Amino acid sequence: PVDRQSAEAETERLLCRRPPADATPDYRRLFTEPGIEKWLRPPPMRRFGTGDLERMLARDRAHWQKHGFGPWCLLDRVTGDFVGRGGINWTVVEGVDMVELPWAIHERFQGQGLATEAAVAAIDVARQVGVEELISLALVENKASRRVMEKTGLAYRGEVVHAGLNHALYILELGPSSRAPSGL
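Residues numbered from 1 in each chain as written. Predicted model: local features only at pLDDT ≥ 70, side-chain atom pairs only at ≥ 80, totals over all residues. Heavy atoms only, no water.

## Some points on the nonpolar core
When a protein is soluble and globular, its nonpolar side chains tend to lie buried together. The biggest cluster of nonpolar side chains holds 35 residues, and the ones touching the most others in it are Trp72, Leu74, Ile88, Leu101, Val131 and Leu134. When residues of this core are traced back to their parent elements, those giving at least two are strand E3 (14-17), strand E4 (71-76), helix H4 (114-128), strand E9 (133-139), helix H5 (143-151) and strand E11 (165-173). Ranked by residues supplied to this core, first place goes to H4 with nine residues. (Core = buried A, V, L, I, M, F, W, Y, C linked by side-chain atoms within 4.5 Å. Buried < 20%, exposed > 50% of the residue type's maximum accessible area, 1.4 Å probe, protein only. Helix = DSSP H or I, 4+ residues; strand = E, 2+ residues; numbered from the N terminus.)

## Quick notes on the side chain of His162
Tracing the backbone through its elements, the reader meets His162 in strand E10 (residues 155-162). Taking relative accessible area as the criterion, His162 reaches 18% and is therefore assigned buried. Aside from chain neighbours lying at most four places away, what touches His162 is Thr91, Val92, Val93, Leu137 and His167. (Contact = heavy atoms within 4.5 Å.)

## Describing the side chain of Asn142
Relative to the helices and strands, Asn142 is located in the loop between E9 and H5. Judged by relative accessible area, Asn142 falls into the buried class, the value being 7%. Side-chain polar atoms of Asn142 contact the backbone nitrogen of Ser145, separated by 3.1 Å. (Polar contact = N/O pair within 3.5 Å; in protein donor to acceptor, adjacent residues only side chain to side chain.)

## Examining the sheet that holds E9
What the five strands build is an open sheet, ordered E6-E7-E9-E11-E10; its pairing is mixed. Where the open sheet ends on each side, the last strands, each with one partner, are strand E6 (89-93) and E10. Looking at each pair of strands side by side, their axes are set apart by 50° on average, direction ignored. Here E9 runs beside E11; their pairing, made up of seven bridges, is antiparallel. Pairing of Leu134 across the sheet is with Leu172, part of E11. (Pairing = 2+ DSSP bridges. Axes fitted to C-alpha atoms, helices over the stretch in contact; angles between N-to-C directions.)

## Let's talk about the layout of surface pockets
Empty space within the largest pocket amounts to approximately 1,300 Å³. Lining the largest pocket we find 49 residues, and of these Phe31, Leu40, Pro102, Trp103 and Ala104 sit closest to its centre. Considering only residue class, the lining of the largest pocket consists of 26 nonpolar, 14 polar and nine charged. (1 Å grid on protein atoms, 1.4 Å probe; cavity = no way out; pocket = protein on both sides within 12 Å on 5 of 7 lines; lining within 4 Å. Points joined across faces, edges and corners; volume = space filled by probe spheres on them. Nonpolar A, V, L, I, M, F, W, Y, C, P; charged D, E, K, R; others polar.)

## Quick notes on the confidence of the model for the chain
Mean pLDDT over the chain works out to 92, with 93% of the residues at or above the 70 mark. Low pLDDT (under 50) marks residues 178-184, which in the prediction has 15 contacts with non-local residues, meaning those over four places away or in another chain. (pLDDT = per-residue confidence, 0-100.)

## Describing the packing of aromatic side chains
In total, this model carries four aromatic pairs according to the counting rule given. With 5.8 Å between their ring centres and 65° between their planes, Tyr27 and Phe31 make a pair best called edge-to-face. Note that Tyr27 and Phe31 are positioned in helix H1 (residues 24-31) at a spacing of four residues, about one turn of the helix. With respect to class, Tyr27 is no different from Phe31; both count as buried. Within the aromatic cluster, the residues linked to one another by ring pairs are Tyr27, Phe31, Phe48 and Phe82. It is Arg41 that lies over the ring of Phe48; its NZ or CZ is 4.0 Å from the centre. (Phe/Tyr/Trp six-rings, centres within 6.5 Å; stacked < 30°, edge-to-face > 60°. Lys NZ or Arg CZ within 6 Å of the ring centre and 35° of its normal.)

Following this line, the structure appears as structure tokens:
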């Protein structure tokens, strides 16, 4: 179910929550795993440092303040363990402001369908908050993320350069809504 007031969600296995102020250690553990860096910071990009992750968390929290939705900390419903990051957020793709459906799942939790589960919940939230179109990006060779995009109904639209690298762009049209996002 989606909590309309908070743009948070719960799925069968996940609690999808706004990031708390003390999430930097969780972000650090996630975004410095080799299997995550391989897709989000491949060479020649430099690896994530603590400062990068502190800024990411600050941006995620500010996004929530400004838009009333944003990236989530994904928590195991039973244990409360941090399993990854998901949700929706504004981004810029080739000079155009778009709402993105991103995810990163700890390596030990990959292959269990959690990214798909989080993405489906995020799509529901996007509809609730009035997003008309969602995009998702993955490095062209990231077959696992591209499968998640396809399983959740996003359609391949071609390649774009994002963060200096070639990415596959997928789009999901959610249709017109009565409540459009309130500015960037």
